[in-house]
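# A structural walkthrough
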Amino acid sequence: MEKPQGSGDAYWRATLGLLTTVLIIWFVVSFGFGIILQPMLDSIMLGGYPLGFWFAQQGSIYIFVALIFYYAHRMGQIDREHDVHED
Amino acid sequence: MDLKTLTYIVVGATFALYLGIAFWARAGSTGEFYVAGGGIHPIANGMATGADWMSAASFISMAGLIAYNGYGASLFLMGWTGGYVLLAMLLAPYLRKFGKFTVPEFIGDRFYSNTARIVAVVCLILASITYVIGQMKGVGVAFSRFLEVDYDTGLYIGMALVFFYATLGGMKGITYTQIAQYVVLIFAYTIPAMFISMNLTGNPLPQLGLGSTMADGSGMTLLAKLNLVVTELGFKEYTTQTIAGRLDMFVYTLSLMIGTAGLPHVIVRFFTVPKVSDARSSAGWALVFIAILYTTAPAVGAMARLNLHATIQTGEIGSPEGNLSYEERPQWFKNWEKTGLLQFEDKNGDGRIQYYNDKNPEMAAKAEGFGWKGNEMVKVDRDIIVLANPEIAKLPHWVIALVAAGGLAAALSTAAGLLLAISSAISHDLLKGVFMKGISEKSELRAGRISMAGAIVVAGYLGLNPPGFAAGTVAIAFGLAGASIFPALMLGIFYKRMNKEGAIAGMIAGISVTMLYVFQHKGILFIKGTEFLGDLGPNWFLGIQPNAFGAIGAIVNFAVAIMVAKMTVEPPQHIQDLVESIRTPRGAGGATH
């Protein structure tokens, strides 16, 4: 359905690629480690934290923050590579 | 100085600050009124977003939820933060590039339809009104507990304050007051937490304290100790308990995430930054500021639970001297008994307090052997966890006064953000967009201020007379936002072929499924007795609570929208060009109408 539009199309593909990567990590750390795999990970300790519990109440949040800044940084690079950046 | 005087001084000083800022940041144009002129620095906007997002519920209720649901409450922590990842990547930069004032405006333009715009306005108003009632209640409650005025008076003071700075300054005034409110609320939240963490573990950082060894010389970690204490009293193990099972937790987390990303008062904050790249990083800053509170909350919850049990179960379980004597209860216990939020009933007449889980048959049998006749802490309202925490930990009076100011800041900042979303939907989307297209900017600004005033009066009225459905408001706000607005925005950006027929059908289907599920378990329009399936686990679809159903509504929305779009004509060329243009950052000007 999407009509190929030269360089604009490559820019959009790069954007979607980055989105996919970030969303996979987003899903794995919260729904994966924090919920589905929590019973298994809890046998590993991170200091005084059972690991699954740590991901659910601490770790996933730290990783969310890191993911957004990584995304913002990489998008800035992609914008410049495809010459669609601002200013 | 006594606590009451000190509280008046601290709260009074913060209010004076908010009013001063409001006067300084008056709005002179519709651009300033709706999006603060589009010139807010991304870090400042992140801080304002944090205050906007963290409501009375985050500040007052969340730690209590965590204290009593342990691991199960992780769904709130992940759900209310993970949504920002979706917002940063899927919505904020594209809506900023679009460069208009409101969320319904995007939906109306993208789907070339006033019907779509009106459907979006209805979703927005319903979601925001239900949400704002809770904030108004928060204002009333915080005033009545700390300043010892009655609930109604507290609410009027809160309304007058919001009225002043929101109508005068619009988004510009709200943004700068929210920044001040963030600073107040984050200090109020973290300072008591640091004291308590230091006392229990010797580590002043609550995020590390929660994972540390107890400072009592037992050599146990705090979480292991907490697990031991609660399971010995017959409660569920803290680090593994869930609220309604793992599937429910999964779906509930997802619902909160997409609900967060779809709440219009949050989205619109990203219209206020100068550039598309700022919208991306600003979402990151918002989450940094939110994470400071959200990673502290688990420590506050766990430590308060531990302190509470330690206060009451002073010795070995079952030994005659093992429980606190009611006569010797601490001052904070007496203070909270007065409010009715903490209630004791001496069931076995021994003059001592037994606090355990009498619903657990094994524990109940054991307790009978001790001569216990049931749990005697008949009410422990979870909201007191944060509010009573400084008193339980014997912190100085100025900390308690600061907590009062923090709770008020959290409630006021969120209320103002929601009221702005409501008033701009009325003055900009309904009046300027649909019914009075020729209206001048000056008249629109006046209409914005009048609808803001109207929204405050309605919200205040509903806060004074909370409708029966107040308990279901979370389900509605997040359900509506997640099941209607989020999918419509996402499809509008990522699926060029999406047309107005698909978008409208999807939004209506998403809301209907969510509302029907909520109504069948909680009563039609929340009227008791009209629910045709009881609100109990076995009746829930796959064991999913009604509050968690927004994610299912969103899936229905996506499916219906795509199916209908495929069966109907593709959107006109200029709309497809519009989608192309919002996908690339270059050329984002200031927000205009």
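Residues numbered from 1 in each chain as written. Chains lettered and ligands numbered in written order. Predicted model: local features only at pLDDT ≥ 70, side-chain atom pairs only at ≥ 80, totals over all residues.

The name given to chain B in an unreviewed UniProt entry is Cation acetate symporter, and the organism recorded there is Denitromonas halophila. Heading Subcellular location (unreviewed entry) of the UniProt record for chain B holds this comment: "Membrane". Per UniProt, chain B has the following entry under Sequence similarities (unreviewed entry): "Belongs to the sodium:solute symporter (SSF) (TC 2.A.21) family." (UniProt positions renumbered as here; feature names shortened; annotations may be inferred.)

An unreviewed UniProt entry lists chain A under the name DUF4212 domain-containing protein, with Denitromonas halophila as the source organism.

### Looking at the overall build of chain B
Broken down by element type, chain B carries 22 helices and two strands. What you see for chain B is a C-alpha radius of gyration of 25 Å, in line with the 25 Å of a compact globule of 593 residues. Considered along the principal axes of its C-alpha atoms, chain B spans approximately 80 × 55 × 45 Å. Every one of the 593 residues in chain B was classed for burial, and the buried ones make up 59%. Here the contacts in chain B between residues at least 6 apart in sequence split such that 81% fall between residues at least 24 apart. (Helix = DSSP H or I, 4+ residues; strand = E, 2+ residues; numbered from the N terminus. Rg over C-alpha atoms; globule rule 2.2 N^0.38 Å. Buried ≥ 20, exposed ≤ 12 C-beta atoms within 10 Å, placed from the backbone. Contact = placed C-beta atoms within 7 Å.)

### A look at the overall build of chain A
Secondary structure assignment for chain A yields three helices and two strands. Taken from N to C terminus, the helices and strands of chain A fall in the order α-α-β-β-α. Here the C-alpha radius of gyration of chain A, 18 Å, is well above what a compact globule of 87 residues would show, namely 12 Å. Considered along the principal axes of its C-alpha atoms, chain A spans approximately 50 × 30 × 15 Å. Each of the 87 residues in chain A was classed as buried or not, and the buried ones make up 36%. A sequence separation of at least 24 residues applies to 50% of the contacts in chain A between residues at least 6 apart.

### Description of the interface of chain B and chain A
Interface size is commonly expressed as the accessible surface area that is lost when the partners come together. Chain B puts 43 residues into the contact, and the matching count from chain A is 37 residues. Of all elements in the fold, only helix 5 (74-98), helix 10 (222-232), helix 11 (246-262), helix 13 (276-312) and helix 22 (573-583) of chain B reach the threshold of two or more residues within the side of chain B that touches chain A. Here the element with the most residues in the side of chain B that touches chain A is helix 13 of chain B; it accounts for 12 residues. Broken down by class, the residue content of the side of chain B that touches chain A amounts to 20 nonpolar, 15 polar and eight charged. (Nonpolar A, V, L, I, M, F, W, Y, C, P; charged D, E, K, R; others polar.)

### Some words on the UniProt feature "transmembrane region" (unreviewed entry) in chain A
All names here are of chain A. Mapped onto this numbering, the UniProt entry gives "transmembrane region" (unreviewed entry) at residues 12-37 and 49-72. Within residues 12-37, the helical portion is 96% and the strand portion 0%, while the C-alpha atoms at the span's ends are 34 Å from each other. Segment residues 49-72 splits into 92% helix and 8% strand. End C-alpha atoms: 31 Å apart.

### Things to note about helix 17 (residues 397-435) of chain B
Over its 39 residues, helix 17 of chain B runs 54 Å from end to end, which matches the ideal 57 Å to within 8%, given 1.5 Å per residue. In the structure, helix 17 of chain B departs most strongly from a straight axis at Ala425(B), where the bend amounts to approximately 25 degrees. (Expected span 1.5 Å × (residues − 1). Bend = angle between axes of the 7 residues up to and from the residue.)

### Considering the packing of helix 7 (residues 114-146) of chain B against helix 17 of chain B
Residues and elements named next belong to chain B. The interhelical angle for the contact between helix 7 and helix 17, taken along N-to-C directions, is 155 degrees, at an axis separation of 8 Å. Judged by the inter-axis angle, helix 7 sits roughly antiparallel to helix 17. Helix 17 is crossed by helix 7, and the crossing has left-handed handedness. Of the residues that constitute the contact of helix 7 with helix 17, the class distribution is 23 nonpolar, seven polar and two charged. (Axes fitted to C-alpha atoms, helices over the stretch in contact; angles between N-to-C directions. Parallel < 35°, antiparallel > 145°, perpendicular 65-115°, else oblique. Left-handed = near helix turned anticlockwise from the far one by under 90°.)

### Examining helix 8 (residues 151-201) of chain B
Residue and element names in this part refer to chain B. Helix length check: helix 8 (51 residues) gives 38 Å between terminal C-alpha atoms against 75 Å at 1.5 Å per residue, more than 12% under. Of all the bends found along helix 8, the most pronounced is centred on Gly170 and spans about 125 degrees. The positive-phi residue at the C-terminal boundary of helix 8 is Gly202, with phi of around 80 degrees.

### Overview of the UniProt feature "domain: Sodium symporter small subunit" (unreviewed entry) in chain A
Sites flagged by UniProt as "domain: Sodium symporter small subunit" (unreviewed entry) map to residues 9-85 of chain A. From the first C-alpha to the last, residues 9-85 of chain A spans 15 Å; its make-up is 82% helix and 5% strand.

### Structural notes on the confidence of the model for chain A
Summary statistics for chain A give a mean pLDDT of 90 and a share of 91% for residues scoring 70 or more. Note that residues 1-6 of chain A has pLDDT below 50 and, in this model, four contacts with residues that lie over four places away or in other chains. (pLDDT = per-residue confidence, 0-100.)

### Topic: unusual backbone geometry
The residue Asp83(A) is not glycine, and still its phi comes out positive at about 55 degrees. Tracing the chain through its elements places Asp83(A) in the segment after helix 3 (51-81). Looking at Asp83(A), the number of C-beta atoms within 10 Å reads 10, which means it is exposed. A positive phi angle is found at Tyr112(B), which is not glycine, with a value near 35 degrees. As for its position among the elements, Tyr112(B) is in the loop between helix 6 (103-110) and helix 7. Using a count of 16 C-beta atoms within 10 Å as the deciding quantity, one classes Tyr112(B) as partly exposed.

### A word on the nonpolar core
With 227 residues, the main nonpolar core has Ile68(A), Leu185(B) and Leu419(B) as its most contacted residues. Apart from residues no more than four positions distant in its own chain, Ile68(A) is found in contact with Tyr84(B), Val85(B), Ala88(B), Ala283(B), Gly284(B) and Leu287(B). (Core = buried A, V, L, I, M, F, W, Y, C linked by C-beta atoms within 7 Å.)

### What to know about the packing of helix 7 of chain B against helix 18 (residues 441-464) of chain B
Residues and elements named next belong to chain B. Viewed as axis vectors pointing N to C, helix 7 and helix 18 meet at an angle of 65 degrees, and their least axial separation amounts to 8 Å. Crossing of helix 7 over helix 18 shows right-handed handedness. Between helix 7 and helix 18, the contacting residues are Val132, Ile133, Met136, Lys137 and Gly140 on the first element and Ala459, Gly460, Leu462 and Gly463 on the second.

### Let's talk about the confidence of the model for chain B
Looking at chain B as a whole, the pLDDT averages 86, with 93% of positions reaching at least 70. At the low end of the mean pLDDT range in chain B sits helix 2 (residues 30-35) of chain B, at 79; at the high end sits helix 9 (residues 206-209) of chain B, at 95.

### Things to note about the environment of Leu37(A)
Residues and elements named next belong to chain A. With respect to the helices and strands, Leu37 occurs in the loop between helix 1 (7-36) and helix 2 (38-41). Placed 19 residues apart in sequence, Leu37 and Ala56 show a C-alpha to C-alpha distance of 10 Å. If we ignore the near neighbours within four places in the chain, the residues touching Leu37 are Gly32 and Gly52.

### Quick look at the environment of Ile426(B)
Tracing the sequence through the fold places Ile426(B) in helix 17. Take Ile426(B): there are 20 C-beta atoms within 10 Å of it, and that puts it in the buried class.

### Observations regarding the environment of Arg74(A)
Residue and element names in this part refer to chain A. Note that Arg74 resides in helix 3. A residue is classified by how many C-beta atoms lie within 10 Å of it, and Arg74, with 17 of them, is partly exposed. Residues Arg74 and Pro39, 35 residues apart in the sequence, show an inter-C-alpha distance of 34 Å.

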